[in-house]
Amino acid sequence: MFFRRGARMLRWLVCGRLGPVWMWKALLLFVAIAFAGQLLGVIFNKSGQPATHSIFSSPDAQGPSLGPCQPHTHIMFLKTHKTASSTMLNILYRFGEERNLRFALPLGYQLGYPLPFNAHRVKGYQGPRVVEYNIMCNHMRFHKSEVEKVMPEDTFYFSIIRDPVALAESSFAYYKEVAPAFRKAKVLGDFADDPMKYYDPRLRNNHYARNLLWFDFGMDNNANFSMALAQRGEDAIRQTFKLILVSEYFDESMILLRHALCWPLDAVVSFSLNARQQKSSSTGGMSRSWVSKAAAAAGVSVTGGRSQMKASPSLSLTDAQREKLRQWNALDWYLYKAFNRTFWEEIYKFGPALMQEEVALLRMRREHLAQVCLRDGGKPVDGYRIRDKNIRPFQSGLVKIVGYELQPGLDNATRTACLRMIRPEIQYKDLLDAQQFPLVSAMQTQQGHQSQGQAVAAGGTSLGQDASRTGEKAVEKGSRLTRSNQPLTQKQEKGR
């Protein structure tokens, strides 16, 4: 009412004398809009809250300046076994998903492992250079000429290694029921004392028990050690791989990788994934579907829908047994010493003081993100206690695999970014698969539901039905890790 009276009075005083009516109408409308805007601003400043500023968009997320370089987006990571490579895989998955990059994904969960890699193991592969792939990072036995059919010429190749003794400890715990040589040994110390008592090179999956790094790089893990052979293997790796990281110095490795790839700091900040506890475990509340879906990826036999979980094996070793394991894995030990030496040469080139500063920033950032993202500040949680199956790690081997739970009350953007950091590789691969092949994923889901309905109608269920939804049932048959310990004839080996 007050505004109407004021407007009529103003028009009565000046209309017809100081300008046309339409001009005054426009002026009054402008004043009213400005007043309303100011009034609404006051209201929101008093009662509303400012928009949240995501921690992932803060200046700290970028880290120290890397200069004018451009981020590498053509990347091949050789995912070696038991070397913190699952954490590295998460880093690559996150980087690619956030930038909508294309992954060279496997048909199942591994790129034909343990057979040498073949380009046709990549889902959707139609021939060299038909499709541009940005990132290749799933388990494979390296075969350079086949990888080059898939990845562009400017691809950055890198991998990661670990002390063979620590690797043997982890492999024994993780693959105790997969590798016949480990299965026969009561404890790791027994195996270390006399490996040949338990090891038969003809038995499938025994590659986990000897020179596993050498095997993953595509070479003969049963070859007799000689300096000439070891040097040829080292040279072959150096010709292809621009950077070899060291698991024992993971944070320093991430700084070298960040600078080599020209990536922001947050791209290499991570939480340890697929970590184990030295305690016995059962699958607890784990659903049948996750056991079957992960069998090919983790190399665990399944029976009746549950992995074969037993008491945690003893991994304690004497100094003499550690030395015996180095001799048994002599080719791996040679590679570790050679590339560990190169690794520290790279750090000295980078600058020890600068490295120390950037590692400190990386650790501070990790701690900060843990406080923001994770319940209880990042305290690991037993896998079977995690209710959300999207972040529940698959339990494999004879030890407990721990995971994380998200902090409640996160805004959507922060929750999405935090979820990427803790999503296990099995679930993450499924997610990326669905994003890259939405039609195929929808068809597989529909087929899975139909099969499940038929099984329920028949009064039973089948592990293979869950597996078929992910495409692993038939195509990964040749690379699945079975418990068969029958010797392979030459003809059978070719068939694999």
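Parameters at a glance
- Residues numbered from 1 in each chain as written.
- Predicted model: local features only at pLDDT ≥ 70, side-chain atom pairs only at ≥ 80, totals over all residues.
- Heavy atoms only, no water.
- Helix = DSSP H or I, 4+ residues; strand = E, 2+ residues; numbered from the N terminus.
- Buried < 20%, exposed > 50% of the residue type's maximum accessible area, 1.4 Å probe, protein only.
- Contact = heavy atoms within 4.5 Å.
- Areas by Shrake-Rupley, 256 points an atom, 1.4 Å probe, with all protein chains shown as cover.
- Patch = residues over 30% accessible without salt bridge, like charges linked within 9 Å, V, L, I, M, F, W, Y side chains within 5 Å.
- Salt bridge = Lys/Arg side-chain N within 4 Å of Asp/Glu carboxyl O.
- Lys, Arg positive; Asp, Glu negative; His and termini not counted.
- Charge placed at Lys NZ, Arg CZ, Asp CG, Glu CD.
- Phe/Tyr/Trp six-rings, centres within 6.5 Å; stacked < 30°, edge-to-face > 60°.
- Lys NZ or Arg CZ within 6 Å of the ring centre and 35° of its normal.
- Disulfide = S-S within 2.5 Å.

(A) Summary view of the overall build of the protein. Secondary structure assignment for the protein yields 21 helices and nine strands. In the protein, which comprises 496 residues, the proportion classed as buried is 51%. Considering only residue pairs separated by 6 or more positions, the protein has 77% of its internal contacts joining residues 24 or more positions apart. For the protein, the exposed area adds up to about 24300 Å²; of that, 54% sits on carbon and sulfur atoms.

(B) Representation of unusual backbone geometry within the structure. With an omega dihedral of 10°, the bond running from Tyr113 to Pro114 counts as a cis peptide bond. Of note in the backbone geometry, Arg129 takes a positive phi value of approximately 65° without being a glycine. As for its position among the elements, Arg129 is in the loop between helix H3 (85-98) and strand E2 (135-136).

(C) Representation of a negative patch on the surface within the structure. Among the surface-exposed residues, Glu132, Glu148, Glu153 and Asp154 lie close enough to one another that they form a single negatively charged patch. Assignment of secondary structure puts Asp154 in the loop between helix H4 (144-150) and strand E3 (156-161).

(D) Representation of the packing of aromatic side chains. The tally for this structure, following the rule as stated, stands at 24 aromatic pairs. Considering the side-chain rings of Phe142 and Tyr157, the 6.4 Å spacing of their centres and the 85° angle between planes classify their relative orientation as edge-to-face. Of this pair, Phe142 sits in the loop between E2 and H4 while Tyr157 sits in strand E3, and the two are 15 residues apart along the sequence. Tyr157 matches Phe142 in its accessibility class, with the two residues each being buried. Relative to Trp344, the ring of Phe343 has its centre 5.6 Å away and its plane inclined at 90°; by these criteria the two rings are edge-to-face. Classification of Phe343 by relative accessible area gives buried; the value is 2%. Stacked on the ring of Trp328, the Lys or Arg Arg210 has its end atom at 4.0 Å from the ring centre. A cation sits over an aromatic face here: Arg326 above Trp333, 4.9 Å from the ring centre.

(E) Expanded view of the state of the cysteines. For the structure shown, the criterion picks out two disulfides. Here Cys69 connects covalently by a disulfide to Cys262, the sulfurs 1.9 Å from one another. Torsion about the S-S bond of the Cys69 and Cys262 cystine: about 85°, corresponding to right-handed handedness. Residue Cys69 is located in the loop between helix H2 (21-47) and strand E1 (75-78), and its partner Cys262 is located in the loop between helix H11 (250-261) and strand E5 (276-277); the two are separated by 193 residues in the primary sequence. Here Cys69 falls in the partly exposed class, since its relative accessible area comes to 33%. Here the bonded cysteines of the protein are numbered in sequence order, and their pairing is 1-2, 3-4.

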